Structures are given as structure tokens and as C-alpha cells.
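Chain by chain, the residues:
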Amino acid sequence: QVQLVESGGGLAQAGGSLRLSCAASGHTVSVVFMGWFRQAPGKEREFVAGITWRAGTTVYADSVKGRFSISRDNAKNTVHLQMNILKPEDTAAYYCAAQSRTGSSVFYTANYDYWGQGTQVTVSS
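S.K.: I tried to follow the state of the cysteines on my own but got confused; where do I start?
M.R.: Here a disulfide denotes one covalent bond, and it connects the sulfur atoms of two cysteines. Under the criterion given, the structure shown has one disulfide. The disulfide that involves Cys-22 links it to Cys-96, with 2.0 Å between the sulfurs. With the S-S dihedral at roughly -75°, the linkage between Cys-22 and Cys-96 falls on the left-handed side. With a gap of 74 residues between them, Cys-22 in strand 3 (residues 18-26) and Cys-96 in strand 9 (residues 92-99) connect regions that are remote in the sequence. Classification of Cys-22 by relative accessible area gives buried; the value is 0%. For Cys-96, a relative accessible area of 1% gives the class buried.

S.K.: How should I be thinking about the nonpolar core in this particular structure?
M.R.: A general tendency of soluble globular proteins is for nonpolar side chains to be buried together. Leu-4, Met-34, Trp-36, Leu-81, Met-83 and Tyr-94 are the most contacted members of the largest nonpolar core, which has 30 residues in total. Taken together, the elements giving at least two residues each to this core come down to strand 1 (2-7), strand 3, strand 4 (33-39), strand 5 (46-52), strand 7 (68-73), strand 8 (78-83), strand 9 and strand 11 (119-124). When near neighbours in sequence (up to four residues on either side) are disregarded, Tyr-94 contacts Glu-6, Leu-20, Trp-36, Phe-37, Arg-38, Val-48, Phe-68, Leu-81, Met-83, Gly-118, Thr-119 and Val-121. Core analysis: the next-biggest nonpolar cluster, separate from the first, contains six residues, Phe-33, Phe-37, Phe-47 and Ala-97 among them.

The rules behind each value
Residues numbered from 1 in each chain as written. Predicted model: local features only at pLDDT ≥ 70, side-chain atom pairs only at ≥ 80, totals over all residues. Heavy atoms only, no water. Disulfide = S-S within 2.5 Å. Helix = DSSP H or I, 4+ residues; strand = E, 2+ residues; numbered from the N terminus. Buried < 20%, exposed > 50% of the residue type's maximum accessible area, 1.4 Å probe, protein only. Core = buried A, V, L, I, M, F, W, Y, C linked by side-chain atoms within 4.5 Å. Contact = heavy atoms within 4.5 Å.

This is how it looks when you write it as C-alpha cells:
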């Protein structure tokens, strides 16, 4: 089992920045990929960004490319999501997720084995 705890959400103005963190504990040796998803009210949960746990290879949704940056600190079992140039449409609950199977698409929620409880990000215009 892997436990994930997000932190760092809050309120920001459009154009501002926030940094989210996700601390992993438990059987982290099984993790192969970490992803961030978000879910706005009335919408489906969508992929935002992800990173391979060992190599650090990153992937981003088109909507956040050039604005968001994902990184990981393997020594601390933590993944960060730096969010810059925030827009009101970035407002959502943000979730950290971990994948323990290789070869699965990273874009779909069903392919993740562990989830955090979420942290709210609200961007005002």
C-alpha cells in the first residue's frame, strides 16, 4: 500500500503562482509513475501532469504546458507541482496519484492504484 498526502493548495490571483506537494509513504518502492489530476465542479477528473518515479521523465496536458512544472524528490518521496501564470480555469480540486504498473496509459484515472485526498486550488480573476 502507498499513502499519498497533498498540500499547498489555496487561493491565488490570476497570473499568480502556487506550489503543490505530494508526500508518498508506505510501499513506495512499487511506484513507477506519479501523476497530478484535477477536478472542477461538474466536470470529470482530468490529467494535468506526471513524472516517472526513477528517470524523472515528465508529461503535461496541453492546457498547462509552459505554465506548470512537475518535479520529484526521491530522497523525500515527494512530488511537487509548480503552477505559474494561473488562470481562473485552473480552479479545481487537485489530486496526486500513483501508478504501480508499467505499460499503462498515464492519462486515465483507472490506471492509477493510489490517490491522495485532494487539495483545493482557487484562482480569482
